[in-house]
Amino acid sequence: MLLEALSVTKSFRGRRGGAPVVAVSNASLRAEPGRFVAIVGESGSGKSTLARMLLDLIPVTDGTVELDGHDIAQLRGGERRAYRRRVQAVLQDPAGSLNPRKRVEQAIGEVVRLHRIASGRSAVRAKVIEALELVGMEPAGRFLDRFPHELSGGQRQRVLIARAIALGPDIIVADEAVSALDASVKAGVLKVMADLTETIGVGYVFITHDLPVVRKVADYVYVMKSGEIVEEGPKDRLFADPQHPYTRTLLAAAPELAPAD
Ligand SMILES: Nc1ncnc2c1ncn2[C@@H]1O[C@H](COP(=O)(O)OP(=O)(O)OP(=O)(O)O)[C@@H](O)[C@H]1O
Ligand SMILES: [Mg+2]
């Protein structure tokens, strides 16, 4: 399975007849199961817009998003539903991704039913428990009846990850998924996410401002600036030998990333 953005561009109509905003310009990216791909770049550089195109939430203005060589804009009915299952979103919890009135079992169970992963109360519950265990919420039974406000920030983020993996996705597009968490909590959630590349073979498109996070978990990194991907490469190469002046600036702004050893 290969998910690609091929020279995608997104422009938004300008306000009050003003010039259009080109949020993403000619960007290409590859994601696949088992691989941890990160996108970094300053605020407004187009990261979330690129993510939304990958998630099939907004149409591209130009270029294509392709799954195994098939343009996702051409998908119909059941094929599009299958795509929506295979490529999952995990956003940050303060964005209101969890309904405050739904208990954990219902929040995860309803997507399991919707995508027909399981049906019947006990089969759905088993799926929910399995997903909670995979994100380290054990014993899972303790969490089934909790409402979001009865969970910590890190636990809520784990529930969002569990809800995504319950569907057996190939790729998770995670937009600032750990950015709001305290350092120690962040490390735990990040480890859970990274471990899933091995336990269930999921791949990531992981968007963050946080370069130390990227250094810890990414395999491959794309750097965005003003809507363009200005540099990309395997993580070790990118951190050791940044080529683009903007990448150097980003690294210089994170003193804890001074070359190790
Ligand atoms: N729906 C929209 N209509 C008009 N302009 C938009 C829209 N969505 C995004 N933009 C503009 O596109 C550009 C890129 O925004 P985007 O949210 O993708 O950046 P980002 O890299 O995710 O930033 P951040 O790190 O702050 O989340 C910005 O200039 C933004 O104002
Ligand atoms: Mg964003």
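Note: the structure precedes this text.
Values in this document were obtained by computation on a predicted structure and should not be read as measured data.

Conventions used here
Residues numbered from 1 in each chain as written. Chains lettered and ligands numbered in written order. Predicted model: local features only at pLDDT ≥ 70, side-chain atom pairs only at ≥ 80, totals over all residues. Heavy atoms only, no water. Helix = DSSP H or I, 4+ residues; strand = E, 2+ residues; numbered from the N terminus. Rg over C-alpha atoms; globule rule 2.2 N^0.38 Å. Buried < 20%, exposed > 50% of the residue type's maximum accessible area, 1.4 Å probe, protein only. Contact = heavy atoms within 4.5 Å. Areas by Shrake-Rupley, 256 points an atom, 1.4 Å probe, with all protein chains shown as cover. Lys, Arg positive; Asp, Glu negative; His and termini not counted. Charge placed at Lys NZ, Arg CZ, Asp CG, Glu CD. Near = heavy atom within 4 Å. Polar contact = N/O pair within 3.5 Å; in protein donor to acceptor, adjacent residues only side chain to side chain. Nonpolar A, V, L, I, M, F, W, Y, C, P; charged D, E, K, R; others polar. Pairing = 2+ DSSP bridges. Axes fitted to C-alpha atoms, helices over the stretch in contact; angles between N-to-C directions. Phe/Tyr/Trp six-rings, centres within 6.5 Å; stacked < 30°, edge-to-face > 60°. Expected span 1.5 Å × (residues − 1). Arc of directions from axis to C-beta. Salt bridge = Lys/Arg side-chain N within 4 Å of Asp/Glu carboxyl O.

Trainee: Looking at this structure, I do not really get the overall build of the protein. What am I missing?
Mentor: Assigned secondary structure in the protein consists of nine helices and ten strands. For a compact globule of 261 residues, the expected C-alpha radius of gyration is about 18 Å, and the protein comes in at 19 Å, within 12% of that figure. If you line up the protein on its principal axes, its C-alpha atoms span 55 × 50 × 40 Å. Across the 261 residues in the protein, those meeting the buried criterion constitute 47%. Pairs at least 24 residues apart make up 67% of the contacts formed inside the protein by residues separated by at least 6 positions. Split by element, the accessible area of the protein, about 12,700 Å² in all, is 49% carbon and sulfur. Of note, the protein has its 35 positive side-chain charges centred 8 Å away from the centre of its 32 negative side-chain charges.

Trainee: Help me understand the site of ligand 1, please; the structure alone is not making it clear to me.
Mentor: Around ligand 1 lies a shell formed by Phe12, Ala23, Glu42, Ser43, Gly44, Ser45, Gly46, Lys47, Ser48, Thr49 and His209. Here Ser45 contributes a backbone N or O atom positioned 3.2 Å from an oxygen atom of ligand 1. Side-chain polar atom of Lys47 to an oxygen atom of ligand 1: 2.8 Å apart, as the coordinates give it. Coverage of ligand 1 by the protein amounts to 61% of the 640 Å² it exposes when considered alone. If you tally residues by element for the shell around ligand 1, the top one is helix H1 (residues 47-54), at three residues. Taken together, the residues of the shell around ligand 1 sort by class into two nonpolar, seven polar and two charged.

Trainee: What's the story with the sheet that holds strand E3 (residues 36-41) in this structure? I'm lost.
Mentor: As a general point, the strands of a sheet are linked pairwise by backbone hydrogen bonds and lie either parallel or antiparallel. Across the sheet, which stays open at both edges, the six strands sit in the order E6-E7-E8-E3-E9-E10 with mixed pairing between neighbours. The open sheet is flanked by strand E6 (87-91) and strand E10 (228-234), the only strands paired with a single partner. On average, each strand axis in the sheet is tilted by 15° relative to the strand beside it, whichever way the strands run. Sheet analysis places E3 next to strand E9 (residues 220-225), joined by five bridges and oriented parallel. The residue of E9 that forms the bridge with Ile39 is Tyr222. Sitting on the sheet, helix H6 (residues 183-199) touches E3, strand E7 (171-175) and strand E8 (203-208), and the angle it makes with E8 is about 150°.

Trainee: Explain the packing of aromatic side chains to me, please; I cannot follow it from the model alone.
Mentor: A ring pair, where both rings are aromatic, is described by two values, the distance of the centres and the angle of the planes. Enumeration over the complete set of coordinates arrives at three aromatic pairs. Linked through ring pairs, Phe36, Tyr204 and Phe206 together constitute an aromatic cluster.

Trainee: Please explain helix H4 (residues 121-134) as it appears in this structure.
Mentor: Structural remark: α-helix, 3.6 residues per turn; residues separated by three or four positions point the same way. Across its 14 residues, H4 extends 20 Å between first and last C-alpha, which sits within 8% of the 20 Å expected from 1.5 Å per residue. For H4, the complete set of buried residues consists of Val124, Val128, Ala131 and Leu132. All buried residues of H4 project into a common sector of 100° when viewed along the axis, lining one side. The secondary structure elements touched by the buried residues of H4 are helix H3 (104-114) and helix H5 (153-165).

Trainee: Is there a simple way to explain the pattern of salt bridges in this structure?
Mentor: Pairing between side chains of opposite charge can happen when the charged atoms of each approach one another. All chains considered together, the criterion is met by eleven salt bridges. The residue Lys186 makes a salt bridge to Asp210 at a minimum N-O spacing of 2.6 Å. Separated by 24 residues along the polypeptide, Lys186 in helix H6 and Asp210 in the loop between E8 and helix H7 (211-217) bring together distant segments of the chain. Note that Lys191 and Asp195 form a salt bridge whose closest N and O atoms lie 2.8 Å from each other. In this pair, Lys191 and Asp195 are both assigned in helix H6, four residues apart and thus about one turn of the helix distant. Residue class for Asp195 comes out partly exposed when judged on its relative accessible area of 35%.

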